[in-house]
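Residues per chain, in single letters:
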Amino acid sequence: MPHCTPEDLGLAALGEPLADDEAAHLADCESCRGEVARLRRAVDALAVPELAAPGPPVAPPPGLWAGIAAATGVSAAPRAADAAAAAPAAGPVPDVVPGPLPAPVEPPTEPVAPVVPLRPRRSRLLLAAAAALVVGLGVGAGAVALANRGDDGVPVAATVLDPLDGSDASGRAEVVERADGTRVLQVELTAGAPAEGYYEAWLLDESVSGLIPLGVVRAGTEEFELPAGLDLGEYPVVDVSVEPLDGDPAHSGVSVARGQLDT
């Protein structure tokens, strides 16, 4: 069976269900699973609350319903309670000047088509933006940000994250080895929301020339699974940067906190 299409990989990264054949292939294909893991970085970036928060509701201008009714022939009108709830805020708002209402339209005598319920929207605008972003936003080394699982592990290295260049960001990072042999980097970050973009965690070598991206990090505690076989002696520096939403997976060069693991 051929590999999953880019569209299916993007849907899987967004948590959308796949057809049975594609889902079965993804479960057995290490290459496709790795690609989905890398694409999830973009989804994590757009899941930042500051980026996904909806704006305040906008009330319709007065006279809008009358204009719709005049253009479509609808004779019903909104209930008074609904109209009052949708009243616009104070301030000048352009009005819609309705024309004369046409005669009521007789209901059709033929049976109408059945209504088929759609899948839950799950913020389609946000999912569409994430799908567009995953095209240009990759992740190296297959590192995947995890939910904070809270299961026990053995700490093997730790560091304090000191602020850089006058930043207010600080925190602590610790590498924990789980019972199954996997290692995760726990990052506790204290920082205000960036003016633009999002925070990302990295591992750097001591010369700050080699780096491994881990994923999006927010204020609070995040966990990142480390690649199998990674030598922390070669990449002991934990770095937190501010990254713009430009689709470029490279480090922005703007670091806000950093510390070296005591390996």
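Worth saying up front: this structure is predicted, and the values here are computed from it rather than measured. (Residues numbered from 1 in each chain as written. Predicted model: local features only at pLDDT ≥ 70, side-chain atom pairs only at ≥ 80, totals over all residues. Heavy atoms only, no water.)

Engineer: Pulling in residues and values, what's your account of unusual backbone geometry?
Structural biologist: With phi around 50 degrees, Asp165 is a residue other than glycine that occupies positive phi space. For Asp165, the position within the fold is in the loop between β2 (154-163) and β3 (170-177). For Val208, which is not glycine, the phi torsion reads 55 degrees and is therefore positive. Within the secondary structure layout, Val208 lies in the loop between β5 (198-204) and β6 (211-217). Residue Val208 is classed as partly exposed on the basis of its relative accessible area, which comes to 43%. (Helix = DSSP H or I, 4+ residues; strand = E, 2+ residues; numbered from the N terminus. Buried < 20%, exposed > 50% of the residue type's maximum accessible area, 1.4 Å probe, protein only.)

Engineer: Describe in detail the nonpolar core, supporting the description with residues and values.
Structural biologist: Ranked by size, the top nonpolar core spans 25 residues in total, and within it Leu185 and Leu203 carry the most contacts. Mapped onto this core, the elements with two or more residues apiece are β2, β3, β4 (183-190), β5, β6, β8 (237-243) and β9 (255-260). Beyond its immediate stretch of four places on either side in the chain, Leu185 contacts Ala173, Glu174, Val175, Leu203, Leu214, Glu222, Glu223, Phe224, Leu226 and Val238. In terms of nonpolar packing, the next biggest core, distinct from the first, is built from 10 residues, Leu26, Cys29, Cys32 and Leu39 among them. (Core = buried A, V, L, I, M, F, W, Y, C linked by side-chain atoms within 4.5 Å. Contact = heavy atoms within 4.5 Å.)

Engineer: An account of the environment of Ser209 is needed here, citing residue identities and associated values.
Structural biologist: Locating Ser209 in the fold gives a position in the loop between β5 and β6. A polar atom in the side chain of Ser209 sits 2.7 Å from the side chain of Ser207. (Polar contact = N/O pair within 3.5 Å; in protein donor to acceptor, adjacent residues only side chain to side chain.)

Engineer: Explain the pairing of β9 to me, and be specific about the residues and the numbers.
Structural biologist: Pairing of β2 with β9 involves two bridges; the strand directions are antiparallel. Counterpart to Pro163 in the pairing with β9 is Ala257. Pairing analysis gives five bridges linking β8 to β9, with the strands arranged antiparallel. Counterpart to Val238 in the pairing with β9 is Gly259. (Pairing = 2+ DSSP bridges.)

Engineer: Quick rundown of helix α1 (residues 6-13)? Include the residues and the values.
Structural biologist: Since the α-helix packs 3.6 residues into each turn, any two residues three or four apart lie on the same face. Buried residues of α1: Asp8, Leu9, Gly10, Ala12 and Ala13, and no others. Of the residues one or two after α1, Gly15 is the one with positive phi, at around 85 degrees.

Engineer: For the environment of Arg218, give the residues involved together with the corresponding values.
Structural biologist: Following the sequence through the fold, Arg218 ends up in the loop between β6 and β7 (220-225). When its relative accessible area of 21% is taken as the criterion, Arg218 is described as partly exposed. A distance of 3.2 Å separates polar atoms of two side chains, one belonging to Arg218 and the other to Glu222.

Engineer: Residue-level account of the state of the cysteines, with values.
Structural biologist: Counted by the stated rule, this structure contains zero disulfides. Cysteine Cys29 remains unbridged, with the sulfur of Cys32 as its closest cysteine sulfur at 3.6 Å. What makes Cys29 buried here is its relative accessible area of 9%. (Disulfide = S-S within 2.5 Å.)

Engineer: Hey, could you go over the confidence of the model for the protein chain for me, with residue numbers and the actual values?
Structural biologist: Per-residue pLDDT for the protein chain averages 75, and the proportion of residues at 70 or more is 67%. A low-confidence stretch, residues 111-150 stays under pLDDT 50, and its non-local contacts, those more than four residues away or across chains, total 65 contacts. (pLDDT = per-residue confidence, 0-100.)

Engineer: An account of the pattern of salt bridges is requested, with residue identities and associated values reported.
Structural biologist: Pairing is possible between side chains of opposite charge, provided their charged atoms come close. Taken as a whole and assessed by the stated rule, the structure comprises four salt bridges. In this structure, Arg178 engages Glu223 in a salt bridge whose closest nitrogen and oxygen atoms are separated by 2.9 Å. Here Arg178 is found in the loop between β3 and β4, whereas its partner Glu223 is found in strand β7, with 45 residues between them in sequence. We note that Arg178, like Glu223, is buried. Glu222 is the salt-bridge partner of Arg218, the closest N and O atoms lying 3.2 Å from each other. (Salt bridge = Lys/Arg side-chain N within 4 Å of Asp/Glu carboxyl O.)

Engineer: Quick one: what's the story with a nonpolar patch on the surface, residue by residue and with numbers?
Structural biologist: Together, Leu64, Trp65, Ile68 and Val74 make up a nonpolar patch on the protein surface, roughly 300 Å² of accessible area in all. With a relative accessible area of 37%, Trp65 lands in the partly exposed category. (Patch = residues over 30% accessible without salt bridge, like charges linked within 9 Å, V, L, I, M, F, W, Y side chains within 5 Å. Areas by Shrake-Rupley, 256 points an atom, 1.4 Å probe, with all protein chains shown as cover.)

Engineer: Tell me about the side chain of Asp8, and please be specific about residues and values.
Structural biologist: Note on placement: Asp8 falls in helix α1. On the basis of relative accessible area, Asp8 is assigned to the buried category, the value being 16%. Sequence-distant contacts of Asp8, that is, excluding residues within four places in its chain, are made with Leu18 and Glu22.

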